[in-house]
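In case you want the letters, here they are:
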Amino acid sequence: MRRTGSSGGKLLCFFVNIILNLHWLIPSAILLVLHFWLGLPMWIFWLSMGIWLLAIAAMTFIISWAAGTGSEPEEKRENKNPYSAGKNPYSEKNSG
């Protein structure tokens, strides 16, 4: 499949991945509620948030790496179209 020449978009994909994986945030939300209700330490909440963000970042970068490994440069082929500008005797390229 032909690919575009752009190489960016990892940060945008990371943010889209965060939005699509918001259900992974449920354990962190539960730990935050337990912090205010039972007095659990706050660092447990931040640890779960960090693990969530690191997991999403790892998935994003692994998928973007895997997408780039299968891309081979497209080889140049001969233009066999008889109506193209290079072969048309009436085109501006050949009028000289």
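The rules behind the values
Residues numbered from 1 in each chain as written. Predicted model: local features only at pLDDT ≥ 70, side-chain atom pairs only at ≥ 80, totals over all residues. Heavy atoms only, no water. Axes fitted to C-alpha atoms, helices over the stretch in contact; angles between N-to-C directions. Helix = DSSP H or I, 4+ residues; strand = E, 2+ residues; numbered from the N terminus. Parallel < 35°, antiparallel > 145°, perpendicular 65-115°, else oblique. Contact = heavy atoms within 4.5 Å. Nonpolar A, V, L, I, M, F, W, Y, C, P; charged D, E, K, R; others polar. Phe/Tyr/Trp six-rings, centres within 6.5 Å; stacked < 30°, edge-to-face > 60°. Core = buried A, V, L, I, M, F, W, Y, C linked by side-chain atoms within 4.5 Å. Buried < 20%, exposed > 50% of the residue type's maximum accessible area, 1.4 Å probe, protein only.

Section: the packing of helix α2 (residues 26-38) against helix α3 (residues 42-69)
Packing of α2 against α3 leaves a shortest axis separation of 9 Å and a crossing angle of 170°. Considering the angle they form, α2 stands roughly antiparallel to α3. Contacts between α2 and α3 involve S28, L31, L32 and H35 on the former and, on the latter, M42, I44, F45, S48 and M49. Residue composition of the contact of α2 with α3, grouped by class: six nonpolar, three polar and no charged.

Here we look at the packing of aromatic side chains
Counted by the stated rule, this structure contains two aromatic pairs. Considering the side-chain rings of F14 and F15, the 5.7 Å spacing of their centres and the 55° angle between planes classify their relative orientation as tilted.

Focus: the nonpolar core
One finds F14, I18, F45, M49, W52, I56 and A57 forming the largest nonpolar core, which totals seven residues. When residues of this core are traced back to their parent elements, those giving at least two are α1 (10-20) and α3. Counting residues per element, this core draws most heavily on α3, which supplies five residues. Ignoring sequence-local partners within four residues, the contact set of F14 consists of L53, I56, A57 and T60.

Points about the side chain of N17
By secondary structure assignment, the location of N17 is in helix α1. Not counting chain neighbours up to four residues away, the residues in contact with N17 comprise I56 and T60.

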